[in-house]
Amino acid sequence: MRSGLILALALSTSAALAQSPQRSRAVPVQAAVATPTDNGRMILERARGLLQTGGEGAAAEAYSLLAPLEPRWSGTVDFSYLFGRAALESGKPSEAIFALQRTVVADPGFAGARLDLARAYFEAGDNEDARREFNTLNAQQPPAEVLVITRRYLKAIDRRSLRYRAGWQAVAEFGGGYDSNANGGTSDTTFLGFALGEASREADSGYYGAQGQLAYSMPVTPSLVWRSALDARHREYPDAKFVSQTGGRLRTGLALAVAQWQLAADVSAELLALDGKDNRQVLAIDLSGHAPLTKATTAVASVRAAQVRYDDNLDIQDVEQWIGALMLQWRPQAARSWQFQVGPLGGREEARRSGSPFSRDLIGARAEVSKATRAWIWKASLGTLESDYDGLFFGEARTDRQVSVQLQVDMPELFGGWTLRPAVAFVDNQSDIPLYEYERVEAGLTLQRRW
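Residues numbered from 1 in each chain as written. Predicted model: local features only at pLDDT ≥ 70, side-chain atom pairs only at ≥ 80, totals over all residues. Heavy atoms only, no water.

Under the defined criterion, the tally for this structure stands at 26 salt bridges. The partner of Arg-227 in a salt bridge is Asp-266, with the nearest N and O atoms 3.0 Å apart. Placement of the pair is Arg-227 in strand β5 (residues 224-236) and Asp-266 in strand β7 (residues 261-274), with a sequence separation of 39 residues. Take Asp-266: its relative accessible area is 9%, and that puts it in the buried class. Beyond isolated ion pairs, a larger network of salt bridges with shared partners links Arg-114, Asp-129, Arg-132 and Glu-133. (Salt bridge = Lys/Arg side-chain N within 4 Å of Asp/Glu carboxyl O. Helix = DSSP H or I, 4+ residues; strand = E, 2+ residues; numbered from the N terminus. Buried < 20%, exposed > 50% of the residue type's maximum accessible area, 1.4 Å probe, protein only.)

To continue, consider the nonpolar core. The biggest cluster of nonpolar side chains holds 42 residues, and the ones touching the most others in it are Leu-66, Phe-79 and Phe-134. Mapped onto this core, the elements with two or more residues apiece are α2 (38-53), α3 (56-66), α5 (77-89), α6 (93-106), α7 (111-123), α8 (127-139) and α9 (144-161). The next biggest cluster of nonpolar side chains, apart from the first, holds 7 residues, and it includes Phe-191, Leu-196, Tyr-389 and Leu-435. (Core = buried A, V, L, I, M, F, W, Y, C linked by side-chain atoms within 4.5 Å.)

On to the environment of Ala-118. Tracing the chain through its elements places Ala-118 in helix α7. The class of Ala-118 is buried, set by a relative accessible area of 0%. Sequence separation between Ala-118 and Tyr-153 is 35 residues, and the spatial gap between their C-alpha atoms is 9.2 Å. Beyond its immediate sequence surroundings of up to four residues, Ala-118 is in contact with Ala-130, Glu-133 and Phe-134. (Contact = heavy atoms within 4.5 Å.)

A cluster of nonpolar side chains, Leu-382, Val-403, Val-405, Leu-407, Val-424, Phe-426 and Val-441, forms an exposed patch at the surface whose accessible area comes to about 490 Å². Taken together, the elements giving at least two residues each to the nonpolar patch come down to β14 (396-415) and β15 (418-431). Considering every element that reaches the nonpolar patch, the biggest residue donor is β14, with 3 residues. Inspection of the secondary structure puts Val-405 in strand β14. The class for Val-405 is partly exposed, based on a relative accessible area of 39%. (Patch = residues over 30% accessible without salt bridge, like charges linked within 9 Å, V, L, I, M, F, W, Y side chains within 5 Å. Areas by Shrake-Rupley, 256 points an atom, 1.4 Å probe, with all protein chains shown as cover.)

Moving on, we get to the packing of α7 against α8. At their nearest, the axes of α7 and α8 sit 8 Å apart, and the two run at 160° to each other. Relative to α8, the element α7 is oriented roughly antiparallel. In this structure, the crossing between α7 and α8 has a hand that is left-handed. Of the residues in α8, those touching α7 at Ala-111, Arg-114, Leu-115, Leu-117, Ala-118, Arg-119, Tyr-121 and Phe-122 are Asp-129, Ala-130, Arg-132, Glu-133, Phe-134, Thr-136 and Leu-137. The residue makeup of the contact of α7 with α8, split by class, is 9 nonpolar, 1 polar and 5 charged. (Axes fitted to C-alpha atoms, helices over the stretch in contact; angles between N-to-C directions. Parallel < 35°, antiparallel > 145°, perpendicular 65-115°, else oblique. Left-handed = near helix turned anticlockwise from the far one by under 90°. Nonpolar A, V, L, I, M, F, W, Y, C, P; charged D, E, K, R; others polar.)

Turning our attention to the side chain of Asp-400. Within the secondary structure layout, Asp-400 lies in strand β14. On the accessibility criterion, Asp-400 (5% relative accessible area) is buried. One polar contact links Asp-400 to Ser-431, side chain to side chain, over a distance of 2.6 Å. Discounting chain neighbours no more than four positions away, the residues touching Asp-400 are Leu-385, Glu-386, Ser-387, Tyr-389, Asn-429, Gln-430, Ser-431 and Tyr-436. (Polar contact = N/O pair within 3.5 Å; in protein donor to acceptor, adjacent residues only side chain to side chain.)

Next up, the structure:
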């Protein structure tokens, strides 16, 4: 997803750079090369309009208009740029490189052409030439939105390079906010005539915390990478200390990339403590993969098998867990800054202890939409989950139905490489057992940095 968002930003920015006044004329590269006739200029303007429309279909049509004219008109900046851009956006980066090379040789200050040349090298897998062109563009002091794009591409090149060499990565995150129901408790004060303790009643609190990750990856082959990561996190609730959380996770596994297919298998161990006391341990195996279905659609699948163990006082909740999800991602060819995804999820949790009522079937779905602009990336999601328990709770059958909504905005690299992320989430959990009904609103602000 991240590379797609970078591409969307680059498309809109290079289009804007190409519309500067000095780009409106054809600049001869060689005096002997024919310049476009009136009919030719009409073709150029038609191709320019198609490229401004956006989408692979429009780019392919522009390419088909321009390709027959390439032998005669390749010596003009306007033609070479439009032909190179049409080739790039219709999936022909090698052809785009030659045309865009001619453009930047003739007009070294043409920022839009240099940005597209760097992108063409990147799409062709030529990391070092792409890096050189992005750095050259940065040295020309381009607009701020162009700097944002080039920095993200350079980071993507660094990540891609890790496939061929061992390397470390780190993430640090700090944040705070407010949670209206930190423990997911009921708003009732009594249940079946008994007064409820604070652990069962909803407790609101502000919060603050930090988390970090240290990751290492090492290529086994150019297509297969071994990777490991250690995560640690803490969140403090000053007004509800009994749910203050400290946790950590160690993960290791293999990732395979073949063409546009990607597969990964990971083993992980996770610990969680509440108010400094052991609460939960999870051992899990995760399998995931994604593959393109069409030029605009990708399928993403994941499967988890885990054992979940609680502290001795809560071991009635120990379960064996099997969860699966399938998501379809769609990025419209005419509006690549948008991405939509939707799909089902489901699974089974089997209680480990005989007589425990916590065995349950899970079924749900999730939908998400995101959009990238030059300054920020926003994402909204909607999820549903139904939990149908096997056992009886206080003599009654239990089914929970949960709806969750989340909205977040990423403002990357506002200062010193830090990303600012405001977010708000709402959860509504309805249950046949009133004790397990609750609503929860969380609003927070996070600062994140990657190295």
